[in-house]
Amino acid sequence: SGASIPESEAVRVGLAVSSSNRRFAPMRYISTRGQAPALNFEDVLLAGLASDGGLYVPENLPRFTQEEIASWAGLPYHELAFRVMRPFVTGSISDADFKKILEETYATGPDGVFAHAAVAPLRQLDSNEWVLELFHGPTLAFKDFALQLLGRLLDYVLAKRNERVVIMGATSGDTGSAAIEGCKACDNVDIFIMHPHNRVSEVQRRQMTTIFGDNIHNIAIEGNFDDCQEMVKDSFADQDFLKGTRLVAVNSINWARIMAQIVYYFHAALQLGGPARSIAFSVPTGNFGDIFAGYLARNMGLPISQLIVATNRNDILHRFMSGNQYVKGELHPTLSPSMDIMVSSNFERLLFDLHGRNGAAIGQLMANFRQGGGFSVDQDRWAEARKLFDSLAVNDADTCATIAQVYAECGELLDPHTAIGVRAARECRRNQSTPMVILGTAHPVKFPEAVETAGVGQAPALPPHLADLFEREERCTVLANDLKTVQNFVAAHGNRGKPL
Ligand SMILES: *Cc1c(COP(=O)(O)O)cnc(C)c1O
């Protein structure tokens, strides 16, 4: 058992000939708790949690050779995305259709989705230290990379099946707007996003409530984020109110989101001399989705020598990585709200590999955790994880100090999440000669409070496509913090504004 998937399991895929001729067997997905049926890509896209409470992961990871990876240097982002993700969708989406979807998703230019020609440009901060800017999508956070693809994949699959679905999601900020932007053009999706009334920033709220469509429904709940999330969970558990319409998840338990995030690790490494040399990444982390994608990239053959889990004061993952304690703490509101979590849902996917993919063992760990105990893992499993992962928890004061420091050094204005990544990279770095890439998860304009607290002056202006954000009309329904009220609302509007 170890952090990486054994070679014998990984090298499943047929003939390892040149990448264009390579054939992949249809991918199957299994649950981390070992009791739910295996699914194909199409079904895993439409699934939330597995029926045994676990999360879906690929049964076998594709593994690329160094020559194959090297041959992708210089490819446009969407073509690289095709090569990295193709094995995951084989059996559900034809190559030609998948290529077309990716070309649309990662299009740039005036009519494109991403505002920067490189889609995910690298910006150098210091010698051998880089920020991978993942905030040039429509909502200015990295979540666009996955949710722009998810919306298009859903529409493709649902059109084929002649089926409609309802999405219910809870957001404390970035997920909601990225999900609405990703699904607004979907013919077969009605999306309901709940946010805590008066408890998200004005930029974040307006990024959701100013997008109109008869399939888009913003709900402000008179409660907190946990209340919203609880109602989503309860709705998945009992779906009678949906009258047979399927409910789909858009949070990072959805496998397609993780899959899309693997691509930019390859994209960054290829620009910095990979795969001929190793690369290290520092990842601002909340639910462990983004960094788990980096772990998968490594197991698929990309030489990643170090992954740094960068958290804010909500540090359950740092406590695990530094001391083998996975124990729920209190929730602390911080200047980096997109990482304010008590439990990291995707961590279960790493635990599954650390335990030799033994679903029963994971079921037991999670049962202990739910009963309030928290847990440690066997020392050798923890040591295996520590070969790859380091971690740091950064408080608000150090976050602001880092924003100010980097601004003084090179004139770059960081958002607070990215600043935490930079701080962790500088403190945890193992090797100065290995390029260090910090994932730039959001644009600083989304978090003006941190920028102002850091004392580096005014927050930057909104980019052109959002310049009139504060003048736009908003649409949002305020509802009581009550499950039945919310479910009745969904049932009354879930078919393009009409009753289900
Ligand atoms: C969602 C988010 C994160 C955390 O990502 P996870 O995949 O949940 O670990 C970090 N930074 C920003 C800006 C985010 O929106």
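Before reading further, recall that the structure is shown in the block above.
Because the structure is a prediction, the values reported are computed rather than measured. (Residues numbered from 1 in each chain as written. Predicted model: local features only at pLDDT ≥ 70, side-chain atom pairs only at ≥ 80, totals over all residues. Heavy atoms only, no water.)

Trainee: Give me the lowdown on the environment of A297, citing residues and values where you can.
Mentor: Within the secondary structure layout, A297 lies in helix α11 (residues 289–299). Between the alpha carbons of A297 and Q371 there is a distance of 33 Å; along the sequence they are 74 residues apart. Look past the residues within four positions of A297 in its chain and what remains in contact with it is I262, Y265, F266, L302 and I304. (Helix = DSSP H or I, 4+ residues; strand = E, 2+ residues; numbered from the N terminus. Contact = heavy atoms within 4.5 Å.)

Trainee: Quick one: what's the story with the nonpolar core, residue by residue and with numbers?
Mentor: Core analysis: the biggest nonpolar cluster contains 116 residues, and F41, Y106, L153, Y265, F266, F281 and F389 have the highest contact counts within it. Per element, the largest residue contribution to this core is 13 residues, and it comes from helix α10 (residues 255–271). In contact with Y265, other than residues within four places in its own chain, are F281, V283, D290, I291, A293, G294, A297, L302, I304, L307 and L439. Core analysis: the second largest hydrophobic core is formed by 26 residues, I438, V451, A454 and V456 among them. (Core = buried A, V, L, I, M, F, W, Y, C linked by side-chain atoms within 4.5 Å. Buried < 20%, exposed > 50% of the residue type's maximum accessible area, 1.4 Å probe, protein only.)

Trainee: Go over the site of the ligand, please, and point to the residues and values.
Mentor: As a matter of local geometry, the ligand sits amid 15 residues, with K143, D174, G286, N287 and D290 nearest to it. T441 places a polar side-chain atom, nitrogen or oxygen, 3.0 Å from a nitrogen atom of the ligand. Protein burial of the ligand: of its 390 Å² of free accessible surface, 96% is covered by the chains. Per-class residue counts for the shell around the ligand are five nonpolar, seven polar and three charged. (Near = heavy atom within 4 Å. Polar contact = N/O pair within 3.5 Å; in protein donor to acceptor, adjacent residues only side chain to side chain. Areas by Shrake-Rupley, 256 points an atom, 1.4 Å probe, with all protein chains shown as cover. Nonpolar A, V, L, I, M, F, W, Y, C, P; charged D, E, K, R; others polar.)

Trainee: Which residues make up a negative patch on the surface, and what are the values?
Mentor: A contiguous patch of negative charge, built from D226, E230, D234, D238 and D240, is present on the exposed surface. Mapping D226 onto the fold places it in helix α9 (residues 225–237). What makes D226 partly exposed here is its relative accessible area of 32%. (Patch = residues over 30% accessible without salt bridge, like charges linked within 9 Å, V, L, I, M, F, W, Y side chains within 5 Å. Salt bridge = Lys/Arg side-chain N within 4 Å of Asp/Glu carboxyl O. Lys, Arg positive; Asp, Glu negative; His and termini not counted. Charge placed at Lys NZ, Arg CZ, Asp CG, Glu CD.)

Trainee: Could you give an account of the side chain of D190, with specific residues and numbers?
Mentor: Within the secondary structure, D190 sits in strand β6 (residues 189–196). For D190, a relative accessible area of 0% gives the class buried. Excluding residues that lie within four positions of it along the chain, D190 makes contacts with R164, V165, V166, I167, D214, N215, H217, H493, G494, N495, R496 and G497.

Trainee: Could you give an account of the sheet that holds strand β12 (residues 436–440), naming the residues involved and the relevant values?
Mentor: Taken together, six strands build an open sheet; the order of strands is β3-β4-β12-β9-β10-β11 and the sheet is mixed. Because the sheet does not close on itself, it has two edges, and the strands there are β3 (122–126) and β11 (389–393). The mean angle between the axes of side-by-side strands here comes to 25 degrees, regardless of whether they run parallel or antiparallel. In this structure, strand β9 (residues 279–284) lies alongside β12, joined through three bridges in parallel fashion. Bridge pairing links F281 to V437 in β12. Sheet strands touched by α11: β9, β10 (304–311), β11 and β12. Its angle to β10, the strand with the most contacts, is close to 170 degrees. (Pairing = 2+ DSSP bridges. Axes fitted to C-alpha atoms, helices over the stretch in contact; angles between N-to-C directions.)

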